[in-house]
Amino acid sequence: QMLSLEDIHEILRTPLIGVIPESEVVLQASNQGQPAIHMQGTDVAEAYKDVIGRFLGEDKPMRFTEAVKQSWFKRVFGGK
């Protein structure tokens, strides 16, 4: 079971500045030897840009806070 954002905040006791969605894009970027933020047009790259913006003081909406649920078929049989 995944931790909620509230659980994470309670454990870390620090403000949350972003959520990076779970994605195979991170593995692809790593295999290509480049930072995931350079994977233009992906949720992962956008999430990292949001975090950087918030760190620099920009007011950005919190995105990617809902976990994508796998279908029953994918949970049972695997797959991408």
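Below, the structure is looked at part by part. All figures in this text were calculated on a predicted structure; none of them were measured in a lab. (Residues numbered from 1 in each chain as written. Predicted model: local features only at pLDDT ≥ 70, side-chain atom pairs only at ≥ 80, totals over all residues. Heavy atoms only, no water.)

1. Remarks on the overall build of the protein
Right, on to step 1. For the protein, the helix and strand inventory stands at four helices and zero strands.
Right, on to step 2. Reading the protein from its N end, one meets helices and strands in the order α-α-α-α.
Right, on to step 3. Residue burial in the protein is summarised as follows: out of 80 residues, 19% are buried.
Right, on to step 4. At a minimum sequence separation of 6, the contacts of the protein that also span at least 24 residues come to 35%.
Right, on to step 5. Taken as a whole, the protein presents about 6,600 Å² of accessible surface, with 56% of it coming from carbon and sulfur. (Helix = DSSP H or I, 4+ residues; strand = E, 2+ residues; numbered from the N terminus. Buried < 20%, exposed > 50% of the residue type's maximum accessible area, 1.4 Å probe, protein only. Contact = heavy atoms within 4.5 Å. Areas by Shrake-Rupley, 256 points an atom, 1.4 Å probe, with all protein chains shown as cover.)

2. Looking at the environment of Asp-43
Right, on to step 1. Relative to the assigned elements, Asp-43 resides in helix 3 (residues 43-55).
Right, on to step 2. Look at Asp-43 and you get partly exposed, because its relative accessible area is 46%.
Right, on to step 3. When the C-alpha atoms of Asp-43 and Val-25 are compared, they prove to be 8.8 Å apart, with 18 residues separating the residues in sequence.
Right, on to step 4. Among residues more than four places away in sequence, those in contact with Asp-43 are Pro-21 and Phe-64.

3. Structural notes on the pattern of salt bridges
Where charged atoms from two side chains of opposite charge come close, those side chains can pair.
Right, on to step 1. In total, this model carries five salt bridges according to the counting rule given.
Right, on to step 2. Residue Arg-13 pairs with Glu-10 through a salt bridge whose shortest N-O separation is 2.9 Å.
Right, on to step 3. Residue Arg-13 is classed as exposed on the basis of its relative accessible area, which comes to 64%.
Right, on to step 4. Glu-46 is the salt-bridge partner of Arg-63, the closest N and O atoms lying 3.6 Å from each other. One end of the pair, Arg-63, is in the loop between helix 3 and helix 4 (72-77); the other, Glu-46, is in helix 3, with 17 residues separating them in the sequence.
Right, on to step 5. Ionic contacts of the salt-bridge type, sharing partners, join the residues Glu-46, Lys-49, Asp-50 and Arg-63 into one network. (Salt bridge = Lys/Arg side-chain N within 4 Å of Asp/Glu carboxyl O.)

4. A look at the nonpolar core
Right, on to step 1. Residues Val-25, Ala-29, Ala-36, Met-39 and Val-44 constitute the largest nonpolar core, which totals five residues.
Right, on to step 2. Beyond its immediate sequence surroundings of up to four residues, Val-44 is in contact with Ile-20, Pro-21, Ser-23, Val-25, Val-26 and Ala-36. (Core = buried A, V, L, I, M, F, W, Y, C linked by side-chain atoms within 4.5 Å.)

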